[in-house]
Structure formats: C-alpha cells, structure tokens
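Below, each chain spelled out in residue letters.
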Amino acid sequence: MSATDNAPSPAAANQSDAAARLADIRETVTRAGKDAGRPAGSTTLVAVSKTFDAEEIRPVLCAGQRVFGENRVQEAQGKWPGLRTEFPDVELHLIGPLQSNKAKDAVALFDVIHTLDREKIARALAAECLAQDRALRFFVQVNTGEEPQKAGIAPHEADDFIALCRDELGLDVAGLMCIPPAEDTPAPHFALLAKIAARNGLAGLSMGMSADFESAVRLGATHVRVGSAIFGSRPRP
Ligand SMILES: *Cc1c(COP(=O)(O)O)cnc(C)c1O
C-alpha cells in the first residue's frame, strides 16, 4: 500500500470538516450552558441542513447528530425519506415559514414545527395531526423585533395565540421561537422571548443561530438552530 492510498479524498476531507465543526459547536454549547449554571443537556442542537444534499448531510449523521432542521417542506421531502431509512431515529424540525396548503405534507414528514404563527395555519395543522394521527410538537414563532416583513406573532398577541393553540386546538406547544432582526444585538430579543414563555408556562426556547447561539444558550435556549457553522456557507439566495 503506497502513501497516497491513505490520503483523504476531497469529499472525505469535507466530511471530516463538518464532523469537526459539529464537535466544536457541541463543546461550545456545553461550555456556555455550564458557565450560565444550566444543567447539562439543557440545550438541543438542531443542525440546519437546508440547501445541503443527502451526501453532505450523511457525514453529520455518521458523527452522531440526529436532530435536523429544514426550512422548506418540498426540499426536505426530496432528501429525508431516503436518509431516514438509513437513520430511523432522526428527529426532523421545520424551521421555515409554512403555507396551509403544505400542512398535510409537513405533518407527515416533520416531528417538530417551529413556525406556528397564525390562526389559519394552527387550525390546518391541528386538523392534519388528527387526520394522520400524528403527535407533533410546536413552537410559536414570535416576531420580537416587530418587523413588518417578518413572520411571527406580535409580542402583545402572543399570550392569546398560545392559549388558542393549546387550549382550543389542543396542540402540543413546547415553547417559543424567534429570529431577531439582523441589525440588532440579539440578547434583548432572547430575553423578551424567555419572558413571554415564562408567563405562559412554556419551557421551550428555540433561539440562536450560527452567529449568536452562545448568547442564546446563556439566556436559556433549549434549542439552537445552527446551519452554516456546521455545514459551511450557503449560496446566497
Ligand atoms: C437558516 C436558518 C437558521 C440557521 O442559520 P445559520 O446562520 O446558517 O446558522 C436558523 N434558523 C432559521 C429560521 C433559519 O432559516
């Protein structure tokens, strides 16, 4: 066997890169939680694999990651049913906006939906969970920056909307989710989300992305949604 037989192929090098970055992020999450005095294992890392194909996702699965986030139903339908036959214990999270006409497909494919933000979609999802006998968990997305173009329920409407989802529609609301405005310091948005969750008796906080997940963990994130820091940068839309 010559020395070149042992040289990693470019594809293998990329795979070990993603696995190494994943290990780094897990370590950072653990350290930030510990520094903040939170119990070990309080934060779930959601690896955001949007725009990456099955071959790019597989090494991250092989490195032991099982919780993944996607932002488009159709894109996820193209790659996850196949990966799931290899890795049946995957938990799939929808983190992107959802139209009611996709509720049926979303309920069939995903385990957790982070973008519950209006009555129409809440009713459609509740009906689909019943029809398909599926028990999904939900996060209510709150538009903490009150940005007109952004999805999410307004902070002052959150309590009523949570009550509708939980009490009237019987949805399993695990917590709240936010995406702070790009130009703001995220910490005040994370703190506001935590405050709205606390007054509604909700334990889950889906907050923090590649750029700010450490701050989110310190402020109580139970789920951080990290994409580019694991998989590398995405082509700009
Ligand atoms: C893409 C996306 C992420 C991950 O973003 P990165 O900056 O790549 O970590 C997290 N949350 C939502 C809602 C996203 O759409």
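Let me begin by describing the structure that accompanies this report.

Conventions adopted
Residues numbered from 1 in each chain as written. Predicted model: local features only at pLDDT ≥ 70, side-chain atom pairs only at ≥ 80, totals over all residues. Heavy atoms only, no water. Buried < 20%, exposed > 50% of the residue type's maximum accessible area, 1.4 Å probe, protein only. Helix = DSSP H or I, 4+ residues; strand = E, 2+ residues; numbered from the N terminus. Pairing = 2+ DSSP bridges. Right-handed = clockwise from strand over helix to strand, strands pointing away. Near = heavy atom within 4 Å. Polar contact = N/O pair within 3.5 Å; in protein donor to acceptor, adjacent residues only side chain to side chain. Areas by Shrake-Rupley, 256 points an atom, 1.4 Å probe, with all protein chains shown as cover. Nonpolar A, V, L, I, M, F, W, Y, C, P; charged D, E, K, R; others polar. Salt bridge = Lys/Arg side-chain N within 4 Å of Asp/Glu carboxyl O.

## A look at the pairing of strand β5 (residues 137-141)
Then, in step 1: For β5, a buried count of 4 out of 5 residues is recorded, marking the element as mostly surrounded by other parts of the structure.
Then, in step 2: As paired strands, strand β4 (residues 112-116) and β5 are joined by 3 bridges and run parallel to one another. Looking at the pairing, I113 lines up with F138 of β5.
Then, in step 3: At this point the chain moves from β4, through helix α5 (residues 119-132), to the parallel β5, and the crossover so formed is right-handed.
Then, in step 4: Taken together, the 5 bridges between β5 and strand β6 (residues 172-177) define a ladder with parallel strand orientation. Across the sheet, R137 pairs through a bridge with D172, a residue of β6.
Then, in step 5: Since β5 and β6 lie parallel, the crossover through helix α6 (residues 158-168) that links them has a hand, and here it is right-handed.

## Overview of the site of the ligand
Then, in step 1: Taken together, the neighbourhood of the ligand is formed by V48, K50, I95, M177, I179, M209, S210, R225, V226, G227, S228 and R234.
Then, in step 2: Separating a nitrogen atom of the ligand from a side-chain N or O atom of R225 is a distance of 2.9 Å.
Then, in step 3: Compared with its free state, where it exposes 390 Å², the ligand has 89% of that area covered by protein.
Then, in step 4: Counted by class, the shell around the ligand contains 6 nonpolar, 3 polar and 3 charged residues.

## Digging into the pattern of salt bridges
Then, in step 1: Following the criterion strictly, the structure yields 14 salt bridges and no others.
Then, in step 2: Here E147 ties to K150 by a salt bridge, and the two come within 2.8 Å at their closest N and O atoms.
Then, in step 3: With a shortest N-O distance of 3.0 Å, R199 and D159 are connected by a salt bridge. With R199 in helix α7 (residues 187-199) and D159 in helix α6, this residue pair connects regions lying 40 residues apart in the sequence.
Then, in step 4: Residue classification places D159 among the partly exposed positions, given a relative accessible area of 29%.
Then, in step 5: What you see here is one network of salt bridges that share partners, running through E55, R58 and E86.

As far as function goes, none of this settles anything; it's purely spatial.
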